[in-house]
Amino acid sequence: MDVANRTNTAAGGEPKILAFCCNWCTYTGADLAGLNRMKYPANVRVVRVPCSGRVNPQFILRAFARGADGVVVCGCHPGDCHYATGNFFTRRRFMLMRGLLEFNGIDPRRFHARWISGSEAAKFRDFVSEVCAIVKGLGHE
Amino acid sequence: MNNFSQQQQKIRSAASRLLADGTVRFVIGWAPTRFAERTTVLFAHTEAEAQALVWNAHCTAALGKYLLDHRLADYAVGIVARGCESRMINRLLTDHQIWRERVYILGAPCPGMDAERCAGCRERAPVVWDELLWDADGMPETGGRQDAAPTNLDEATIADVGAGLALPAVGAACSRPLDTDTSLRSRFFRAEAVEGLSAAEKFSYWDEVYAKCIRCYACRQACPVCSCRACYVDMDRQGFQGKQHSAADNRVFGVTRAFHVADRCVECGECERVCPMGLPILGQTQKLIKEIEALTGEAYVQGMDAEEENFLGAFDLDDKDDFL
Amino acid sequence: MMYLLKENFDKAREALAGAYAVVVPDEVLPPKDALFPRSETLYETDRRTGEARAAGAGGKTLLFGVRPCDARAIGNLDAAFLESGYVDANYAQRRENATIVALACAQIPSPACFCDSMGGSPHEAPEADVVLTEAADGSGYALDFQSEKGSAVAEIWKAADLIGPMPAHLEKAPAPTCTLKVNKVPDLAQKLTAAFEDGLWERLAEACLGCGCCTYVCPTCYCFDIGLENRGGTADTFRCWDSCMFPGYTQMAGGHNPRWSKTQRLRNRYLHKLAYFDERYGRTLCVGCGRCICRCPQGLDITRAVEWGERL
């Protein structure tokens, strides 16, 4: 895609990964990871959203179009949503989204979603490290 | 054997009657243009104009979206509705865009029209109507035009419409080159054509498609699902979508549009018919419907009644989340 | 009169590829895309230093096989971009660098063509640098080199030994006539402007979907929008086609939209094509190429507004 002015794996740079994290669970979990001085790759840029249900599929498309190498959506575990049902909608939406990305020739391994609660700092670290490794392996398109 | 001329007479007399008794303010149907193989859309306001309505294999435009122009109207609107229009109407009703009592639907079971979008048609007969103009008995239920239906050129003159703009007939065709194969296609024929490709091939396939897109938004304008009063693409200063016509931005628009309409698409195929660049954009929507069917394990067909639940507007506690 | 054999037609195009970037117009889009692109970067700004750099508008191009109506349309674009009192730098640069080789219509390309009703001709392209006109026997093309840029093309073709003097027994084929005849009254502009409040505009616009197709396939539509694209370290100021058929076109900052209805927008488009431009530049903007008629998904027809003039 048409992307200017950035570092990426093809240019020997680091991949950029955009993480949409829900305010109530994953963002707190990421915060906790920081408080506990856990190390995770600096490739991840976190965008705080009120709920994973706020993440419009368009955000993901635009992130890819503007040069993200990977996109991650994280929210509360099903049943734990601060807004009761927000993440149930997220779940359906991104199950569909993955198929559409694949259909458009974007490797579905560049797009991940995970349920991470506010206390799961280690899970957040492991998850983003894993995604980072996968995306690095894929290189830049 | 086609009954276009008899059916046309039924449309004309029903429209005249509705206009004469004041049931509707106008009836939306088709009228001839100067070109034998093209029709335009006519809002017949008078009984005389109702006599200019035509019904032939070139009535390819679906009329449902026009109801949206009159969604705040305090009058009733008459519309000729085939399978595709009736599903569009159900769509608009489900989305609370129009009032049922302000639409008078003249049900017109379709013999199949001369458009590529009709070749994948699964529902030629209207699914909602106030008055069924003729029986669908004996007509094939699916697919596009099956026989060579001639257009009577003598009729290709709009007599006395509006301020009396009669158009002399020119005769020759002025239409987009279409795939002449109108035999019934697989429901997801566009999606299936792409699915077999490798990831890189898919990417360049869509890149080629969207490089040609001129962002005229005809697909959006024709779509009965696109009922938002303000579309996100029109809010270009808010940064949702670049206004520049680059393949990357066109692609974001195309895929986003497909996703916005995914679970509510009535599969009328108008988006593809109206595209001036002839882009196979139906593939995106077909793929999404296919995915929905794969996820739920059930048939997913929209627009069949006005009380449907949309896939993305609902959830199930037991939904799959195998990649989450 | 110089002459090019039909069998050398492709070679003639290929011979130009060395000196120019040769553009063969798309079958749908008008050649204006080469002079006034769908989207172009005007300048790039470094966000740290605030330094702006003009992006420039490319090198020598040659439009090969332009229809006479489209060549005439380029003349109209010149009026708007170069002769209106303000010179558009990017357009001027592209125009200066562009050589136009027109191909006179041997047959009428589309039943919706009506150039000869709008004052043009399927055979005449005074705005073009070179005009290829088919010979009466169909064996080749008579060549008219109409400018210095045209002579440069002639030199290339001569050097490649592709052209020679036209045999004495040959002559240009007579110009075909458009099948679509539209009666354009001489005072159409005044009549339509006077009918501004007429109810017929609403009837003409009823079937309009409100897409921008007609404006984008029009060889004479030249409206654009300017936007800014943030790319992290740099910001690109770009210009892209815009369409008066979109509600956002006249949207003002406070939310007010003076052309809020479809009817108003269609009326504006038709009046611009048939009246406003005429009043300002003394020539009708619509050149009668018929693209908007052919491509309109709903079969709207601008000639209905032209013929309305007869009744006003």
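Residues numbered from 1 in each chain as written. Chains lettered and ligands numbered in written order. Predicted model: local features only at pLDDT ≥ 70, side-chain atom pairs only at ≥ 80, totals over all residues. Heavy atoms only, no water.

What to know about the nonpolar core
Point 1. Residues Ile60 and Phe111 of chain A, Val27, Ile28 and Leu67 of chain B together with Leu274 of chain C are the most contacted members of the largest nonpolar core, which totals 177 residues.
Point 2. The element that contributes the greatest number of residues to this core is helix H3 (residues 86-103) of chain A, accounting for seven residues.
Point 3. Each of domain 1 (3-132) and domain 2 (150-313) of chain B gives at least three residues to this core.
Point 4. Look past the residues within four positions of Ile28 of chain B in its chain and what remains in contact with it is Val41, Leu42, Phe43, Leu63, Tyr66, Leu67, Val77, Gly78, Ile79 and Val80 of chain B.
Point 5. Ala12, Leu132, Leu143 and Trp157 of chain C belong to the second-largest nonpolar core, a separate cluster that totals 16 residues. (Core = buried A, V, L, I, M, F, W, Y, C linked by side-chain atoms within 4.5 Å. Buried < 20%, exposed > 50% of the residue type's maximum accessible area, 1.4 Å probe, protein only. Helix = DSSP H or I, 4+ residues; strand = E, 2+ residues; numbered from the N terminus. Domains from an automatic or database assignment. Contact = heavy atoms within 4.5 Å.)

Let's talk about the confidence of the model for chain C
Point 1. The predicted model of chain C has a mean per-residue pLDDT of 93, with 100% of residues at 70 or higher.
Point 2. At the level of chain-chain contacts, confidence expressed as ipTM amounts to 0.90, with global pTM at 0.90. (pLDDT = per-residue confidence, 0-100.)

A closer look at the packing of aromatic side chains
Point 1. Under the counting rule described, the total for this entry stands at 33 aromatic pairs over all chains.
Point 2. Between Phe81 of chain C and Phe224 of chain C, the aromatic rings sit 6.4 Å apart at their centres with planes inclined by 25°, giving stacked as the arrangement. One end of the pair, Phe81 of chain C, is in helix H3 (residues 68-81); the other, Phe224 of chain C, is in strand E10 (residues 224-230), with 143 residues separating them in the sequence.
Point 3. Judged by relative accessible area, Phe81 of chain C falls into the buried class, the value being 4%.
Point 4. We classify Phe224 of chain C as partly exposed; its relative accessible area is 32%.
Point 5. Following the ring pairs from residue to residue traces out a cluster consisting of Tyr217 and Phe253 of chain B together with Phe36, Phe81, Tyr91, Tyr216, Tyr222, Phe224, Trp241, Phe246, Phe277 and Tyr281 of chain C.
Point 6. A cation over a ring is seen here: Arg251 of chain B above Phe203 of chain B, with NZ or CZ 4.1 Å from the ring centre.
Point 7. Taking NZ or CZ as reference, Arg239 of chain C lies 4.6 Å from the ring centre of Phe224 of chain C, over its face. (Phe/Tyr/Trp six-rings, centres within 6.5 Å; stacked < 30°, edge-to-face > 60°. Lys NZ or Arg CZ within 6 Å of the ring centre and 35° of its normal.)

Describing the pairing of strand E4 (residues 103-107) of chain B
All names here are of chain B.
Point 1. Extensive coverage of E4 is indicated by the burial of five of its five residues.
Point 2. For strand E3 (residues 77-81) and E4, the ladder comprises five bridges, and the chain directions are parallel. Each bridged residue has a counterpart across the sheet, and for Val77 the counterpart in E4 is Val103.
Point 3. Pairing analysis gives two bridges linking E4 to strand E5 (residues 131-132), with the strands arranged parallel. Paired with Gly107 across the two strands is Leu132, which belongs to E5. (Pairing = 2+ DSSP bridges.)

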